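What follows is each chain in one-letter form.
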Amino acid sequence: MPTVCQSIEYRDGDTPLSGLLFTAPAYLKKRPGLFLVHAGSGLDDHAKGRAESYAEIGFVVFACDMYGPGIAGNRERVMATLGEMRSDPAKLCQRARAGLEILTAHPQVDGRIAAIGYCFGGMTVLQMARSGMELAGVVSVHGSLATVQPATAGTIKAKILVCHGALDPHVPMPHVTAFADEMKAAGADWQLIMYGGALHGFTHQAPSPFPGVAYNAAADARSTIAINDFFSELFFPDNDQRVARG
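Residues numbered from 1 in each chain as written. Predicted model: local features only at pLDDT ≥ 70, side-chain atom pairs only at ≥ 80, totals over all residues. Heavy atoms only, no water.

### Here we look at the environment of Gln205
(1) Moving on: Along the chain, Gln205 falls in the loop between strand 8 (190–195) and helix 6 (217–235).
(2) Moving on: Judged by its relative accessible area of 53%, Gln205 is exposed.
(3) Moving on: Counting along the chain gives 105 residues from Gln205 to Leu100, while the straight-line C-alpha distance between them is 27 Å. (Helix = DSSP H or I, 4+ residues; strand = E, 2+ residues; numbered from the N terminus. Buried < 20%, exposed > 50% of the residue type's maximum accessible area, 1.4 Å probe, protein only.)

Dropping the structure here:
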């Protein structure tokens, strides 16, 4: 289904940001919103492709900008920003909330919102859930699971899906176990699916120069089905909605 992409300028305090809003005009009724958070490389073709695919099946999608100008493409600045946000969950969530407000204010959004993120974006949406943001659900796809600010009992309101590569060296098994323990202690509604043979970044088809990162077609396809089922449970329990690959 044809989609329309609109650039949206917004701010987090003094930081100018530029996100992308994807809609499918053929859908006339109000519908759920999907907040999409990019990986460490920024709002790139991968993030845009995924956002467009979700818009095609009926979501109003806002692909946010977590960086601002001059960071994406500059490895030194990217790594510094990732480290800063990882160590300061309040700042991370504040930056995400600035973009989330764009989505919640959209006239075609029916008030129901989920979030999905990839790699760094996966870490972001999990931290959004930990902070107690009012989201129907969050999906972390090959995202970091460790946090300096774990969830407390009763804080998490969103349902959680984690899609994880079993051979991901950047998110080792101790992190997975600690995450499971954290979710249990928090009383969250969560699920974690591990994909055998998959490394970090298994949905990114572009070759990566970094070790431990590689595309895995089977894990990409299987996680797409899992994400589709998760969103169907949240929003479309009586329909057969399908999440397209981007």
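### With respect to the packing of helix 2 (residues 75–87) against helix 3 (residues 89–104)
For any two helices packed against each other, the geometry is given by the interaxial angle and the distance between the axes.
(1) Moving on: Where helix 2 contacts helix 3, the axes come no closer than 5 Å and their chain directions differ by 105 degrees. Here helix 2 is positioned roughly perpendicular relative to helix 3, judged by the angle of their axes. Residue-level contacts link Glu84, Met85, Arg86 and Ser87 of helix 2 to Pro89, Lys91, Leu92 and Arg95 of helix 3.
(2) Moving on: Classifying every residue of the contact of helix 2 with helix 3 by side-chain character gives three nonpolar, one polar and four charged. (Axes fitted to C-alpha atoms, helices over the stretch in contact; angles between N-to-C directions. Parallel < 35°, antiparallel > 145°, perpendicular 65-115°, else oblique. Contact = heavy atoms within 4.5 Å. Nonpolar A, V, L, I, M, F, W, Y, C, P; charged D, E, K, R; others polar.)

### Considering helix 3
(1) Moving on: Its 16 residues place the ends of helix 3 21 Å apart at the C-alpha level, agreeing with the 22 Å of an ideal helix rising 1.5 Å per residue.
(2) Moving on: Every buried residue of helix 3 is listed here: Pro89, Leu92, Cys93, Arg95, Ala96, Ala98, Gly99, Leu100 and Leu103. (Expected span 1.5 Å × (residues − 1).)

### A word on the environment of Thr177
(1) Moving on: Summarising the element assignment, Thr177 is placed in helix 5 (residues 173–186).
(2) Moving on: Taking relative accessible area as the criterion, Thr177 reaches 41% and is therefore assigned partly exposed.
(3) Moving on: Along the chain, Thr177 and Ala226 lie 49 residues apart, while their C-alpha atoms are 21 Å from each other.

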